[in-house]
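Given next are the chains, with one letter for each unit.
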Amino acid sequence: VPAIVPSKLGIPVMSLKTNLLEWCGLIINGEIEWYFARHFSLNAEYNYANWRFKNDYRQWRGGVISPEFRYWFSPDLFRRHYLGIYGQLGEYNVKPKKYGYQGDFYTVGLSYGYSFLLNPHLNLELGIGVGYMRTKYDKYIQADDCYPYLNTTTKEYWGVTKLKVSLVYNFWIK
């Protein structure tokens, strides 16, 4: 099999992506990445879930936006290893059983990833992000058809905040 040389395809302009791990959790998601200055890119990510179960009052709702600035180490035009800095803003309303939690969060962190070239237009990207997350949420309980407020809690977390196994479609210009 002959090697695919991305630079012979032209210059990469942008990519459209989806995180396969989030689809496993029934989370609708998409990303767009713009390439510039040979080693730099800007990635924007969005995900959304809105699931409610009819026979009981369980629900899973939320949305996240996440910008990320990346530095690509390879001269292969945005393939192989990258390091990035990212942020996330999101809100959620989940009620797995008797109690529900409604709130918002923000995250800042550093990312590392690797992008495998599958064919001239398709990549597989693996990534991990570690950082700081802060969330503030209201706890409520379901009582008949109303949801009385119980308390407000703020929590902080240091650790893994992002995992990716993304399918990537690349756009090139000659």
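See above for the structure.
Being a predicted model, the structure only gives us computed values, none of them experimental.

Q: So what's going on with the environment of Tyr101? Which residues, and what values?
A: Locating Tyr101 in the fold gives a position in strand 6 (residues 99–119). As a C-alpha pair, Tyr101 and Thr153 span 52 residues in sequence and 9.7 Å in three-dimensional space. Other than its neighbours up to four places away in sequence, Tyr101 contacts Tyr92, Asn93, Val94, Tyr137, Asp138, Lys139 and Tyr140.

Q: Talk me through the packing of aromatic side chains; I want residue IDs and the actual numbers.
A: What the rule picks out here adds up to 13 aromatic pairs. Here the aromatic rings of Phe40 and Phe69 are separated by 5.6 Å at their centres, their planes lie at 25 degrees, and the arrangement is stacked. Within this pair, whereas Phe40 is found in strand 3 (residues 40–52), its partner Phe69 is found in strand 4 (residues 59–72), the two being separated by 29 residues in sequence. Residue classification places Phe69 among the partly exposed positions, given a relative accessible area of 38%. Ring geometry for Tyr140 and Tyr147: centres 5.7 Å apart, planes at 90 degrees, overall edge-to-face. Residue class for Tyr140 comes out buried when judged on its relative accessible area of 7%. On the accessibility criterion, Tyr147 (34% relative accessible area) is partly exposed. One aromatic cluster is present, formed by Phe36, Phe40, Phe69, Tyr71 and Phe73 through successive ring pairs. The ring of Tyr82 has Arg70 sitting right over it, with the charged end atom 4.0 Å from the ring centre. Sitting above the plane of the Tyr99 ring, Lys139 keeps its charged end 4.3 Å from the centroid.

Q: Give a description of the pattern of salt bridges that names residues and reports values.
A: Oppositely charged side chains can pair when the atoms bearing their charge come close. This structure, assessed with the given rule, holds ten salt bridges. Note that Glu33 is salt-bridged to Lys17, the shortest N-O span being 2.4 Å. On the criterion of sequence distance, the pair formed by Glu33 in strand 2 (residues 28–36) and Lys17 in strand 1 (residues 11–19) is long-range, its members being 16 residues apart. Taking the relative accessible area as the measure of exposure, Lys17 reaches 5% and is therefore buried. Residue Glu125 is joined to Lys164 by a salt bridge in which the shortest nitrogen-to-oxygen separation is 3.7 Å. Of this pair, Glu125 sits in strand 7 (residues 122–141) while Lys164 sits in strand 8 (residues 149–173), and the two are 39 residues apart along the sequence.

Q: So what about the side chain of Asn170? Which residues, and what values?
A: With respect to the element layout, Asn170 can be found in strand 8. Residue classification places Asn170 among the buried residues on the basis of a relative accessible area of 0%. Only 3.4 Å separates the side chain of Asn170 from the side chain of Arg79, close enough to count as a polar contact. Other than its neighbours up to four places away in sequence, Asn170 contacts Met14, Ser15, Tyr35, Arg79, Pro120, His121, Leu122 and Asn123.

Parameters and conventions
- Residues numbered from 1 in each chain as written.
- Predicted model: local features only at pLDDT ≥ 70, side-chain atom pairs only at ≥ 80, totals over all residues.
- Heavy atoms only, no water.
- Helix = DSSP H or I, 4+ residues; strand = E, 2+ residues; numbered from the N terminus.
- Contact = heavy atoms within 4.5 Å.
- Phe/Tyr/Trp six-rings, centres within 6.5 Å; stacked < 30°, edge-to-face > 60°.
- Buried < 20%, exposed > 50% of the residue type's maximum accessible area, 1.4 Å probe, protein only.
- Lys NZ or Arg CZ within 6 Å of the ring centre and 35° of its normal.
- Salt bridge = Lys/Arg side-chain N within 4 Å of Asp/Glu carboxyl O.
- Polar contact = N/O pair within 3.5 Å; in protein donor to acceptor, adjacent residues only side chain to side chain.

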